[in-house]
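Chain by chain, the residues run as shown.
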Amino acid sequence: MAIPSRHRKILTDEKWSEAFGRKANIDDILAYILKHWQQLQIHPPADLLSTKSEPTITKFFGLSLRKNARAAGISGYFIPENPVADINEIKQELQSRGRTDLTYFSDNIDPPLDFVFEFKKLKSKPGAKTSRLSYYKDGVRRFVNGIYGREAEFGFMVALVASSAEKPEILHGLKQGIQVPDMESLLKMIKDGKGNTVVAPANSFKACHFETSHGREHIVDCSDIVLGHIILCHGVNSP
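From a predicted model like this one, the values you see are computed outputs, not experimental measurements.

Basis of the calculations
Residues numbered from 1 in each chain as written. Predicted model: local features only at pLDDT ≥ 70, side-chain atom pairs only at ≥ 80, totals over all residues. Heavy atoms only, no water. Helix = DSSP H or I, 4+ residues; strand = E, 2+ residues; numbered from the N terminus. Buried < 20%, exposed > 50% of the residue type's maximum accessible area, 1.4 Å probe, protein only. Pairing = 2+ DSSP bridges. Expected span 1.5 Å × (residues − 1). Arc of directions from axis to C-beta. Salt bridge = Lys/Arg side-chain N within 4 Å of Asp/Glu carboxyl O. Core = buried A, V, L, I, M, F, W, Y, C linked by side-chain atoms within 4.5 Å. Contact = heavy atoms within 4.5 Å. Axes fitted to C-alpha atoms, helices over the stretch in contact; angles between N-to-C directions. Parallel < 35°, antiparallel > 145°, perpendicular 65-115°, else oblique. Left-handed = near helix turned anticlockwise from the far one by under 90°. Nonpolar A, V, L, I, M, F, W, Y, C, P; charged D, E, K, R; others polar. Right-handed = clockwise from strand over helix to strand, strands pointing away.

## Comments concerning the overall build of the protein
In step 1: When helices and strands are tallied, the protein shows seven helices and six strands.
In step 2: Starting at the N terminus and walking to the C terminus, you meet the elements of the protein as α-α-α-α-β-β-β-α-β-α-α-β-β.
In step 3: Taken across its 239 residues, the protein has 47% of its residues classed as buried.

## Considering the pairing of strand S5 (residues 210–214)
In step 1: Where burial is concerned, most of S5 is hidden: five out of the five residues are buried.
In step 2: Side-chain alternation along S5 places Phe210, Thr212 and His214 on one buried face and Glu211 and Ser213 on a second face that is also buried.
In step 3: Here five bridges tie S5 to strand S6 (residues 225–233), and the two strands are oriented antiparallel to one another. Residue pairing across strands places Ser213 opposite Val226, the latter belonging to S6.

## A few points about helix H4 (residues 54–68)
In step 1: For H4, built from 15 residues, the straight-helix expectation of 21 Å at 1.5 Å per residue is met to within 8% by its first-to-last C-alpha distance of 21 Å.
In step 2: Among the residues of H4, those classed as buried are Glu54, Ile57, Thr58, Phe61, Gly62, Ser64 and Leu65. End-on view of H4: buried residues confined to an arc of 165°, all on one side of the axis.

## A word on the pattern of salt bridges
In step 1: Across all of its chains, the model carries two salt bridges by this definition.
In step 2: Ionic pairing is found between Glu118 and Lys120, a salt bridge with its closest N-O pair at 3.5 Å. No difference in accessibility class separates Glu118 from Lys120, as the two residues are buried.
In step 3: In this structure, the salt-bridge partner of Glu118 is Arg142, at a minimum N-O distance of 3.7 Å. With Glu118 in strand S3 (residues 113–122) and Arg142 in helix H5 (residues 128–144), the pair connects residues that are 24 residues apart, well separated along the chain.

## Re the nonpolar core
In step 1: Core analysis: the largest hydrophobic core is formed by 32 residues, its most contacted members being Phe61, Phe78, Phe115, Phe117 and Phe156.
In step 2: Elements supplying a minimum of two residues to this core: helix H3 (23–42), H4, strand S2 (93–106), S3, strand S4 (154–161) and S6.
In step 3: When residues of this core are assigned to their parent elements, the largest contribution, seven residues, is made by H3.
In step 4: For Phe117, the contacting residues outside a window of four places in its chain are Leu30, Ile33, Asp101, Leu102, Tyr104, Phe156 and Val158.
In step 5: Within the second largest apolar cluster, 24 residues are counted, among which are Val116, Leu122, Ile178 and Ile231.

## Considerations on the packing of H5 against helix H6 (residues 167–177)
In step 1: Contact geometry for H5 and H6: axes closest at 10 Å, N-to-C directions at 50°. Taken together, the axes of H5 and H6 lie oblique to each other. In the crossing of H5 with H6, the sense of the turn from one axis to the other is right-handed. Counting all contacts with H5, which are made through Arg132, Tyr135 and Tyr136, the residues of H6 involved are Gly173, Leu174 and Gly177.
In step 2: Split by residue class, the contact of H5 with H6 holds three nonpolar, two polar and one charged.

## Describing H5
Counting along an α-helix, one turn takes 3.6 residues, and residues three or four places apart therefore face a common direction.
In step 1: The first and last C-alpha atoms of H5 sit 23 Å apart over 17 residues, in line with the 24 Å expected at 1.5 Å per residue.
In step 2: Considered for burial, the residues of H5 that qualify are Ala128, Ser131, Tyr135, Tyr136, Gly139, Val140, Phe143 and Val144.
In step 3: Buried residues belonging to H5 abut S3, S4, H6, helix H7 (181–186), S5 and S6.
In step 4: Just past H5, the residue Gly146 takes up positive phi, approximately 75°.

## Section: the pairing of S3
In step 1: Taking burial as the measure, the 10 residues of S3 include eight buried ones, the bulk of the element.
In step 2: Both S3 and S4 contribute to a ladder of six bridges, which runs parallel. Paired with Glu118 across the strands is Met157, a residue of S4.
In step 3: Crossover connection from S3 via H5 to parallel S4: handedness right-handed.

As structure tokens, this is what we get:
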């Protein structure tokens, strides 16, 4: 299957190879995030319980990542609830305003690393469809519309799941729901050479359960984006 020229570079162009030339650094950061989550699950703080709201969980987790990063050998800076916006130079006003759940930044890497994690709580039945729609429309679409990761080639969606027992059902539903034709259109999903919009296991980052690519040609001077999808489960030894 031929890949449209606009999107070919996100899958094959040297520009993207150069961007992912920092892959080892990103893999280290993702490994640290997964390990630190698991460590916190041994004796979870009150703000990290599955019964807490997503903003409460992600703020505590982000600040804990920041505090413990140096001891784990991670340079850079984790920024919870980071305000973002684009400046309209003609009107001299802010547009596409938002606030990321977690941003990672490091200028120790050339070019600097600056990318976003968006967290969403996902539910099994009942409430599974509603939580998935929020994941897609209030999460993924913010990357697609350039509110998050406007100047980045990649970003990450993180699903928070109440227990590892619910993970298989939720992961299956998440991958199936995002491939519904209306959702593929809404999220401007890019098909690879095999006609797939969901790549599992992920090609770019091994820590991700799957990845998707999204066109952003509707935004001036904005590249397309690859999103890695990660599931974090509450509970000891959560995968």
